[in-house]
Amino acid sequence: MINLNNIVATYTTVRGQVDAVDGVNLEIPSGTILGIAGESGCGKSTLLKALYGDIIYPLSLSSGIIEYGIQDAQGVEITTRNIRDYWFRRIAYIPQSSMSSLNPVIRINRQFVDFLDPDTDRAQVLEQVRSYIQQLDLPPEALDAYPHQLSGGMRQRIMVAMATFFHPDIILADEPTTALDVVVQKGILLLLAEIQEEMQNTIFFVSHDMGVHYQISHKMLIMYAAKAVEYGDSSDVFERPLHPYTKLLTESLPTIGDDHLRQGVAGRPPSLWDELHGCRFAPRCPLATDICRSDEPPMVEYRPAHFAACHHADTNL
Ligand code: SF4
């Protein structure tokens, strides 16, 4: 089980401090693909940075504790303080853009072994990598290429290979299929799902695309304006959403045979620099009442393992 206890992640900016993740509490069973959805700026990627321990100025973890529920071979508890020592081996990160993450002037093979301990037999590891990337439908020669010699899909497969080669307990994937065409995107998603099924790692999968989540995620976290607003099994969140924002997001999903025009969510999220009262979704919510504008809704477990932060959660579905 991975526990997030009241996580507040703050950016220091010239305009002052802003909480990009504000009081997120979650219990995620190990071996789960957790999909995280919400509009740009809702805190999805910042939450991944906090989980990865990539907390460098101007970002800080102002409060909260992350319990990864894992120990190293010596029995040392892995925490946000030491998690960097376990990058790749116990926790790995798949970024959005492979082109900006891979060094363009270094061949892939060197990028694979650069982070290994100096006393590791690199030639032997590279032989294992060569065999591993073939399992991920990459030709062995891809290892000898420069990033620009590979297609976008192949580069993203290389990123998946780098992130999964050591069988990490936790994988953080930040919009890993954005900017790929739908066919390549589907291939990467299936690959991630297959790897997760085999290795039983916990994957935090960020995407604003609800269709992508529908295909891959076991559980869903919906974020809005730095807050967690709904959390539960994907089947519940997609089929019986409690929160009006989730409902609007899921209604935007196209279905075969239904050709009525999809409406987006009208309006924009609030600025996090403003002083915010009550429910942050209230200015855009069709169900907003006075209590919504004055009192922040707490996260409530309306159904077993299905939570929402809404004064008028729809429990009738
Ligand atoms: S608390 Fe009120 S404004 Fe917020 S989502 Fe629920 S109904 Fe809408």
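The model shown is predicted, which means the values in this text are computed figures rather than measured ones. (Residues numbered from 1 in each chain as written. Predicted model: local features only at pLDDT ≥ 70, side-chain atom pairs only at ≥ 80, totals over all residues.)

### Regarding the overall build of the protein
The criterion, for reference: For the purposes of this entry, the term helix denotes a DSSP run of H or I that reaches at least four residues, the term strand denotes a run of E that reaches at least two, and both are numbered from the N terminus. Only the C-alpha atoms count toward the radius of gyration. The rule for a globule is 2.2 Å times the residue count to the power 0.38. In this scheme every C-beta is placed from the backbone, and a residue whose C-beta has 20 or more other C-beta atoms within 10 Å is buried, one with 12 or fewer is exposed, and one in between is partly exposed.
Within the protein, the secondary structure is distributed over 10 helices and 11 strands. A globule of 317 residues ought to have a C-alpha radius of gyration of about 20 Å, and the protein, at 20 Å, matches this closely. Looking at the protein as a whole, 37% of its 317 residues qualify as buried.

### Looking at unusual backbone geometry
The amide bond that connects Tyr57 to the next residue, Pro58, takes the cis arrangement and shows omega of 15°. The backbone phi angle of Asp137 is positive, close to 65°, even though this residue is not glycine. Since 11 C-beta atoms lie within 10 Å of it, Asp137 is described here as exposed. Within the chain, Ala305 stands out as a residue other than glycine whose phi angle is a positive 60°. Mapped onto the fold, Ala305 is located in the loop between strand E10 (300-303) and strand E11 (306-308).

### Looking at helix H6 (residues 182-199)
Which entries qualify depends on this criterion: The span you would expect from a helix comes to 1.5 Å times its residue count less one. Each residue is represented by a C-beta atom placed from its backbone, and any two residues with such atoms within 7 Å are regarded as in contact.
Along its 18 residues, H6 runs 25 Å from first to last C-alpha, staying within 8% of the 26 Å computed at 1.5 Å per residue. On its buried face, H6 sits against strand E3 (33-37), helix H5 (152-164), strand E6 (170-174), strand E7 (202-206) and helix H7 (210-216). Phi turns positive one or two residues past the end of H6, at Gln200, with a value near 60°.

### Digging into the site of the ligand
Note the cut-off: Nearness here is judged by the C-beta atom: place it from the backbone, and if it falls within 6 Å of a molecule or strand, the residue counts as near that partner. Polar here means any residue outside two lists: the nonpolar Ala, Val, Leu, Ile, Met, Phe, Trp, Tyr, Cys and Pro, and the charged Asp, Glu, Lys and Arg; Gly therefore counts as polar.
Around the ligand, the structure places 13 residues, and the nearest of them are Cys279, Cys285, Ala288, Cys292 and Cys310. Within the shell around the ligand, the residues separate by chemical class into 10 nonpolar, three polar and no charged.

### A few points about the nonpolar core
Heads up, the condition is: Throughout this description, the term nonpolar core refers to a group of buried Ala, Val, Leu, Ile, Met, Phe, Trp, Tyr and Cys residues whose C-beta atoms join them within 7 Å.
Judged by nonpolar contacts, the single largest core of 80 residues is most densely connected at Ile36, Ile158, Ala173, Phe204, Phe205 and Ile222. Among the elements that take part in this core, H5 stands out by supplying seven residues, more than any other. When sequence neighbours within four positions are dropped, the list of residues in contact with Ile36 reads Lys44, Leu47, Phe204, Phe205, Val206, Leu221 and Met223.

### Quick word on the pairing of strand E9 (residues 227-233)
For a regular strand, side-chain orientation follows a simple rule: the groups alternate between the two sheet faces. To keep it simple, the criterion reads: Strand pairing follows a simple DSSP-based rule, namely that at least 2 bridges must link the two strands.
Across the seven residues that make up E9, a large majority, six, are buried. In this structure, strand E8 (residues 219-224) lies alongside E9, joined through six bridges in antiparallel fashion. Looking at the pairing, Lys219 lines up with Asp233 of E9. Turn length for the E8-E9 hairpin, with the two strands adjacent in sequence and antiparallel, is two residues, and the turn residue Ala225 shows positive phi of about 50°. Across two bridges, E9 lies against E11 in antiparallel orientation. Residue pairing for E11: Glu230 is matched across the bridge by Ala308.

### Description of the sheet that holds E11
Working definition: the strands of a sheet are paired by backbone hydrogen bonds and lie parallel or antiparallel to each other. The cut-off we apply is this: The angle between two axes is taken between their N-to-C directions and runs from 0 to 180 degrees, where each axis is a line fitted to C-alpha atoms and a helix contributes only its stretch in contact.
The strand order E5-E6-E7-E3-E8-E9-E11-E10 describes an open sheet built from eight strands, whose pairing is mixed. The open sheet terminates on both sides in strands that have one partner only, identified here as strand E5 (91-94) and E10. Taken over all neighbouring pairs, the strand axes of this sheet differ in orientation by 20° on average, direction set aside. Bridge count between E10 and E11: three bridges; the pairing is antiparallel. The partner of Glu301 across the bridge, within E11, is Phe307. In the packing of H5 onto the sheet, the strands contacted are E5 and E6, and the crossing angle to E5 comes to about 170°.

### Focus on the pairing of E8
Burial analysis of E8 places six of its six residues in the buried class, which makes it a mostly covered element. In E8, alternate side chains face the same way, and those of Lys219, Leu221 and Met223 on one face and Met220, Ile222 and Tyr224 on the other are all buried. Across four bridges, the pairing between E3 and E8 is parallel. Residue pairing across strands places Leu34 opposite Lys219, the latter belonging to E8.

### Details of the packing of H5 against H6
Our working definition: We call two directions roughly parallel when the angle between them is under 35 degrees, roughly antiparallel when it is over 145, roughly perpendicular when it lies between 65 and 115, and oblique otherwise. Helix crossings get a hand from a simple test, with the near helix turned counterclockwise from the far one by less than a right angle marking a left-handed crossing and a clockwise turn marking a right-handed one.
It is the contact of H5 with H6, at a shortest axis distance of 10 Å, that shows an interaxial angle of 15°. Here H5 is positioned roughly parallel relative to H6, judged by the angle of their axes. The hand of the H5/H6 crossing is right-handed. Contacts between H5 and H6 involve Gly152, Gly153, Gln156, Arg157, Val160 and Thr164 on the former and, on the latter, Val184, Gly187, Ile188, Leu191, Leu192, Ile195 and Met199.

### Quick look at the sheet that holds strand E2 (residues 16-28)
With respect to topology, three strands assemble into an open sheet ordered E2-E1-E4, the strand pairing being antiparallel. Edge positions in the open sheet fall to E2 and strand E4 (59-67), since each of these has one partner strand only. Strand-to-strand, the axes of this sheet are offset by a mean angle of 5°, without reference to chain direction. Pairing between strand E1 (residues 2-13) and E4: seven bridges, direction antiparallel. Among the inter-strand pairings, Asn3 is bridged to a residue of E4, identified as Glu67.

Interpretation in functional terms is not warranted from these geometric data alone.
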